[in-house]
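Here's the letter readout for the chains.
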Amino acid sequence: MSSLFNKNESRRLGLAAEHWLKECYRKDEERRDSFITLSGIPVAPLYTPADIAEMDYADALGFPGKEPFTRGVYPTMYRGRLWTVRQLAGFGPPEETNKRLRFLIKQGATGLNITFSYPTLRGYNSDDPESEGDAGRGGVAIDSVQDMQVLFSRIPIDQMSVSLVTCNPSTAVSLFSMYLAVAEKRRMAPGKLTGTTQNDFLMETAVTVAPEPMSPRQSFRLSCDLIEYCIRQVPRWNPISYTGYNYREAGATAVQEIGFVIANAIAGAEETMRRGWGPDTFLPRLSFFLSAHNDFFEEIAKYRAARRVWGRVVRERLGSKDQRSALFRFHVQTAGVALTAQQPLNNVARAAFQGLAAVLGGAQSLHVDGYDEALCTPTEKAALLALRTQQIIQYETGVVNTIDPLGGSYFVESLTDELEQRVWDYLEEIEAQGGIVAAAEKGWVHREIAMSAHQQQCAIESGERKVVGLNCFHDECEEEEVELFETPETVKVQKAKLDRLRKERSQKRLRTALDSLRARCADGGNVMPAVLDCVRSLATLREVADVLRQELGVWRIPLV
Amino acid sequence: MAEKRLKILVAKLGLDSHWRGAMVVTRALRDAGMEVIYLGNQFPDAIVRTALQEDVDVIGLSSLSGNHLVLAPRVVQELERSGARRMPVILGGAVPKRDSKALTKAGVKAVFGPGTPLEDIVSYVRSLV
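These numbers come from a predicted model, not from an experiment.

K.L.:
I would appreciate a short explanation of the overall build of chain A in the present structure.
P.N.:
Tallying secondary structure elements over chain A gives 21 helices and 10 strands in all. A compact globule built from 560 residues should have a C-alpha radius of gyration of about 24 Å, and chain A, at 24 Å, falls within 12% of that. C-alpha extents for chain A along the principal axes are approximately 85 × 60 × 45 Å. Looking at chain A residue by residue over its 560 residues, the buried ones come to 52%. Put simply, of all contacts in chain A between residues at least 6 apart along the chain, 77% involve residues at least 24 apart.

Structure representation (structure tokens):
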């Protein structure tokens, strides 16, 4: 163990810094009473070597691709391969989204990222009465395997990684099965498929709401079924992406975001191990999804701290022996909640800074928000500008030329340490609640996030936190100046397809498949093979979801 | 004479999944001394049924999914059908300005777009009753 700086030298520097603070720095000239990060961490006027005097380089930073992974998960990082440019897309019927996907690929996107409509995510068909008003909104409408086939038509899914934003385990099992069935039809071996399903039970039960949600325990079970299925059948697929991004959107702080994703990954890993799988058979395939919010340095420190915490959890708690298991690989989306509907073009600047933070933090893939996303699904124009923003970071700024360029910054290292310590403390709090599943069942997770959301709103209302164009620098008579996206006709298109499907399929085969799914639900076995069989038998999304709702029960989300 | 305590029903409209705004507003209304029933996600007929059973003063809808033009007018129509046309319906969420006009024309009393200060919502609700 050796600290980075000579002990006497850093003591001397520490005294000098204190002297400077007392003699030169004018506290009474400060603009405000306190300087804090977006998550409430105090920030000092100046950081010096004295702030990281105790830091042991090998222990705290190390080298990229080596423990403790502070500086990055891969040895070459962006000098070897740039992050995946993965812009979200999804709206209307699959025919329409397919066009947008092919447009993005043509413009240089290197991965796909597909959102599904509200009814699809919640297990309703587009022609159900519940879907009225929401069909084709928020993402693409998928009612059966035939829609999934249309969605990926003329797209080489064996050659690019595909992220399926299947938030809720209760429908992730069906949507992923449809994807597998499409690959099967196109004669692609499951072992070759690369990509990610979101599949996070907190997404289903804590950070989003819906009528008839599943309980945390059942949703968690289904998500582990999908993980287990991938170990056996789809080994290069990331079966889960812990959606810290969405926890943050709902109100969580940076510390809560990382605390929740890691507690959640611990629970998923321990359950999978309980089912008999060794840690290193699946840990390398767990992945994470984080936000890039407004506080530039806090976000960078957050990504660095997350890598350090996860690496240690994997080794010390989960007993992994394989270094690949310890890699905290993550996708980033710039914070939708930071966008304003007022002066929407300001969002171009916000998203660019946020995207830059993700890159300086070592993200593996990135979505930059469109400037119109506080108002609607991005238009093609907004989506293209977001894509170009990423390309400008990649090819013009030069930040990709060296790895972890902020490593060693007195401030960034101090903040990384601080965030790490706060995450460890928060993990202990979650543990004291009985772990993440119990904490969600009790409504503790909901209360924690709602409390943070309330505090942030108060900070904006009081003007303590400034939002340009919203609580300062607003134009009195400003009008929306951007063109808004129009969701293409969905219900009619989908209904026609569903009517045909219902007529053409074999009722007998369908009934048999749904019955064996029912049996799996009851006997506690892995539901995935049965769901896959339902999908192949042309079951609609809702038919599968109804079986799951009937057999596994529905729950009431404990909000307020 | 003691001031009557206002009673408000807050509901997420249809399948919209974002709870943050509805929760923050619910808390602000409670902090202002009102009684708030948070219904969670519901469809127009159930929202109106609950509003009548609970005899609320105002119905507050929240939607960020874009379903507002279809479902919010449906709530107003259901109220009319139930003979309660005077119960005010207000809506908050990701609603572009051009849609606000259509909504107020369809009988929604007020629309609060993104970035509305909580104070504005609280004082508007007070002014309704």
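K.L.:
What's the story with the overall build of chain B in this structure? I'm lost.
P.N.:
Helix and strand content of chain B: five helices and five strands. Mapped in sequence order, the helices and strands of chain B form the string β-α-β-α-β-α-β-α-β-α. Dimensions of chain B along its principal axes, counting C-alpha atoms only, are 40 × 35 × 25 Å. By the burial criterion, 51% of the 129 residues in chain B qualify as buried. When contacts within chain B are restricted to residue pairs at least 6 apart in sequence, those whose partners lie at least 24 apart make up 71%.

K.L.:
Got a minute to help me understand the confidence of the model for chain B in this structure?
P.N.:
It should be kept in mind that the predicted coordinates are not to be read in detail where pLDDT is low. A residue-level look at chain B finds 98% of positions with pLDDT of 70 or above and a mean pLDDT of 95. Helix α4 (residues 97-105) of chain B is the least confidently modelled element of chain B, averaging 94 in pLDDT, while strand β3 (residues 58-63) of chain B averages 98, the highest of any element.

K.L.:
What's the story with the sheet that holds strand β4 (residues 89-93) of chain B in this structure? I'm lost.
P.N.:
Adjacent strands of a sheet form backbone hydrogen bonds with each other and so pair up, either parallel or antiparallel. Residue and element names in this part refer to chain B. Taken in spatial order, the five strands make up an open sheet running β2-β1-β3-β4-β5, and their pairing is parallel. The sheet terminates laterally at β2 (35-42) and β5 (110-112), the two strands that pair on one side only. Sheet twist, expressed as the average angle between the axes of neighbouring strands with direction ignored, equals 20°. Here five bridges tie β3 to β4, and the two strands are oriented parallel to one another. Across the sheet, residue Leu 61 finds its bridge partner in β4, namely Leu 91.

K.L.:
What am I meant to see in the sheet that holds strand β4 (residues 162-165) of chain A here?
P.N.:
Residue and element names in this part refer to chain A. The strand order β2-β3-β4-β5-β6 describes an open sheet built from five strands, whose pairing is parallel. Every other strand in the sheet has two partners, leaving β2 (88-89) and β6 (237-238) as the edge strands with one partner each. The pairing of β4 with strand β5 (residues 195-197) spans three bridges and is classified as parallel. Residue pairing across strands places Val 162 opposite Gly 195, the latter belonging to β5.

K.L.:
Just to check I follow, could you spell out unusual backbone geometry for this structure?
P.N.:
Among all residues save glycine, negative phi is the norm, and among peptide bonds the norm is trans. Going from Glu 67 of chain A to Pro 68 of chain A, the amide bond is cis rather than trans, its omega being 0°. Phi is positive for Phe 473 of chain A, which is not a glycine, with a value near 50°. Within the secondary structure, Phe 473 of chain A is located in the loop between α17 (444-461) and α18 (491-504). Notably, Asp 55 of chain B is not glycine yet its phi reads approximately 50°, a positive angle. Inspection of the secondary structure puts Asp 55 of chain B in the loop between α2 (44-54) and β3.

K.L.:
So what exactly am I meant to see when it comes to the interface of chain A and chain B here?
P.N.:
Interface size is commonly expressed as the accessible area that is lost once the parts come together. Every contact between the two is made by 34 residues of chain A and, on the other side, 29 residues of chain B. At the level of elements, α5 (118-121) and α17 of chain A are the ones that each hand at least two residues to the side of chain A that touches chain B. For the side of chain A that touches chain B, the element with the most residues is α17 of chain A, which contributes five residues. Class assignment of the residues belonging to the side of chain A that touches chain B gives a composition of 17 nonpolar, 10 polar and seven charged.

K.L.:
Would you explain the packing of helix α19 (residues 507-523) of chain A against helix α20 (residues 528-536) of chain A in this entry?
P.N.:
All names here are of chain A. Where α19 contacts α20, the axes come no closer than 8 Å and their chain directions differ by 165°. Viewed along their axes, α19 and α20 adopt a mutual orientation that is roughly antiparallel. Here the hand of the crossing between α19 and α20 comes out left-handed. When α19 is examined against α20, the residues Ala 513, Leu 514, Ser 516, Leu 517 and Arg 520 are found in contact with a partner set consisting of Ala 530, Val 531, Asp 533 and Cys 534.

About the cut-offs
Residues numbered from 1 in each chain as written. Chains lettered and ligands numbered in written order. Predicted model: local features only at pLDDT ≥ 70, side-chain atom pairs only at ≥ 80, totals over all residues. Helix = DSSP H or I, 4+ residues; strand = E, 2+ residues; numbered from the N terminus. Rg over C-alpha atoms; globule rule 2.2 N^0.38 Å. Buried ≥ 20, exposed ≤ 12 C-beta atoms within 10 Å, placed from the backbone. Contact = placed C-beta atoms within 7 Å. pLDDT = per-residue confidence, 0-100. Pairing = 2+ DSSP bridges. Axes fitted to C-alpha atoms, helices over the stretch in contact; angles between N-to-C directions. Nonpolar A, V, L, I, M, F, W, Y, C, P; charged D, E, K, R; others polar. Parallel < 35°, antiparallel > 145°, perpendicular 65-115°, else oblique. Left-handed = near helix turned anticlockwise from the far one by under 90°.

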